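A structural walkthrough
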Amino acid sequence: MTARRRYWLMKSEPDAFSIDDLQRVGTEPWTGVRNYQARNNMRAMQVGDGVLFYHSSCDVPGIVGTATVASVPYPDPTQFEAKSDYFDPKSTHAEPRWQLVDVSFERKLARTIALEEIRQHADKLGEEFALIRRGSRLSVLPVSAAQWKLLLSLE
DNA sequence: GCCAACGTTGGC
DNA sequence: GCCAACGTTGGC
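Because the structure is a prediction, the values reported are computed rather than measured. (Residues numbered from 1 in each chain as written. Chains lettered and ligands numbered in written order. Predicted model: local features only at pLDDT ≥ 70, side-chain atom pairs only at ≥ 80, totals over all residues. Heavy atoms only, no water.)

Take the nonpolar core next. Formed by 42 residues in total, the largest nonpolar core has its most connected members in Met42 and Ile63. The residues touching Ile63, leaving out its near neighbours within four places in the chain, are Leu9, Leu52, Phe53, Tyr54, Leu109, Arg111, Thr112, Ile113, Ile118 and Leu151. (Core = buried A, V, L, I, M, F, W, Y, C linked by side-chain atoms within 4.5 Å. Buried < 20%, exposed > 50% of the residue type's maximum accessible area, 1.4 Å probe, protein only. Contact = heavy atoms within 4.5 Å.)

With that settled, consider the protein's contact with DNA strand C. Taken together, Tyr36, Lys90, Arg134, Gly135 and Arg137 make up the full set of residues near DNA strand C. Side-chain polar atom of Arg137 to a base oxygen of DNA strand C: 2.7 Å apart, as the coordinates give it. Grouping the amino acids of the surface near DNA strand C by side-chain chemistry returns one nonpolar, one polar and three charged. (Near = heavy atom within 4 Å. Polar contact = N/O pair within 3.5 Å; in protein donor to acceptor, adjacent residues only side chain to side chain. Nonpolar A, V, L, I, M, F, W, Y, C, P; charged D, E, K, R; others polar.)

With that settled, consider unusual backbone geometry. Residues other than glycine seldom take positive phi values, yet Ser57 does so here, at roughly 50 degrees. For Ser57, the position within the fold is in the loop between strand 3 (50–55) and strand 4 (62–69). (Helix = DSSP H or I, 4+ residues; strand = E, 2+ residues; numbered from the N terminus.)

Let us now look at the layout of surface pockets. Of the volumes computed, that of the largest pocket is approximately 770 Å³. Around the largest pocket, the lining is made up of 27 residues, and of these Lys11, Ser12, Glu13, Trp30 and Ser139 lie nearest the centre. The set of elements that each furnish at least two residues to the lining of the largest pocket consists of strand 1 (7–12), strand 2 (27–29) and helix 3 (115–119). Tallied by class, residues from the lining of the largest pocket come to 11 nonpolar, nine polar and seven charged. (1 Å grid on protein atoms, 1.4 Å probe; cavity = no way out; pocket = protein on both sides within 12 Å on 5 of 7 lines; lining within 4 Å. Points joined across faces, edges and corners; volume = space filled by probe spheres on them.)

Turning to the UniProt feature "domain: EVE" (unreviewed entry) in chain A, a few remarks are in order. With numbering aligned to this structure, UniProt lists the feature "domain: EVE" (unreviewed entry) at residues 6–153. Measuring from the first to the last C-alpha atom of residues 6–153 gives 18 Å, for a span that is 22% helix and 30% strand. (UniProt positions renumbered as here; feature names shortened; annotations may be inferred.)

This part is about the sheet that holds strand 2. Overall, mixed pairing links the six strands, which are arranged 2-7-4-3-1-8 in an open sheet. Strands with a single pairing partner mark the edges of an open sheet, and in this sheet they are strand 2 and strand 8 (140–143). Strand-to-strand twist in this sheet, taken as the mean axis angle between neighbours without regard to direction, amounts to 35 degrees. Inspection of the sheet shows strand 3 paired to strand 4 by six bridges, in the antiparallel sense. Residue pairing across strands places Tyr54 opposite Ile63, the latter belonging to strand 4. The strands touched by helix 5 (residues 145–153) are strand 1, strand 3, strand 4, strand 7 (102–114) and strand 8; relative to strand 3, the strand with the most contacts, the crossing angle is about 50 degrees. (Pairing = 2+ DSSP bridges. Axes fitted to C-alpha atoms, helices over the stretch in contact; angles between N-to-C directions.)

For the rest of this paragraph, the subject is the pattern of salt bridges. Under the defined criterion, the tally for this structure stands at seven salt bridges. Among the salt bridges present, the one from Arg5 reaches Glu106, with a minimum N-O distance of 3.9 Å. Here Glu106 lies in strand 7 and Arg5 lies in the segment before strand 1, a separation of 101 residues in the sequence. With relative accessibility at 34%, the residue Arg5 sits in the partly exposed group. As a salt-bridge pair, Asp20 and Lys108 come within 2.7 Å of each other at their nearest N and O atoms. A residue pair is termed long-range when its members are at least 10 positions apart, and Asp20 in helix 1 (residues 19–25) and Lys108 in strand 7 qualify at 88 residues. A residue is classified by how much of its surface remains accessible, and Lys108, at 42% relative accessible area, is partly exposed. (Salt bridge = Lys/Arg side-chain N within 4 Å of Asp/Glu carboxyl O.)

Further remarks concern the protein's contact with DNA strand B. In the vicinity of DNA strand B, the contacting residues are Lys11, Tyr54, Ser56, Ser57, Pro61, Leu115, Arg119, Arg137 and Ser139. When atoms of DNA strand B within 4 Å of the protein are sorted by moiety, sugar and phosphate together comprise 71%. Between Lys11 and DNA strand B, the recorded distance is 3.5 Å, taken from a side-chain N or O atom to a phosphate oxygen. In the environment of DNA strand B, a phosphate oxygen lies 2.5 Å from a nitrogen or oxygen atom belonging to the backbone of Arg137. Across the surface near DNA strand B, the residue classes break down as three nonpolar, three polar and three charged.

So this is what it looks like as structure tokens:
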């Protein structure tokens, strides 16, 4: 029995890793998440789940493409690498603190669905939608099927 | 267990 | 570059 496909939104700074980078490499381990809520969301992911790829901290923040979850959750290797920016000295191999999934490129949108535009649909998306909730900085967040459909209909 | 200080995120 | 909001750390 397979659970129903779920949907997520994942933020990335294009200067560090963009939708074009994902298209080039095909599949990428989503390293570096060091927030428990974001981690918990990745732990809940299943292979085949849909991902909205979002560019943050750039000229026009917004959704730029779609991807799919390509692995089950597994320990983020960078937490054990002393030279990595993401090294976590408190994490152990026996009890890894941080998990990630692999993400595979699906497609690039014809245009960026800008955050500014997304906000205009707040009434339909719901006040709780973490992407547009005031002060929310969550980088991996759940998206309902209805939100997924609405957001992609804006393309 | 409280909370001030600090660091980070991310829009603007 | 600024700064609001948030999460984490560490002294007490």
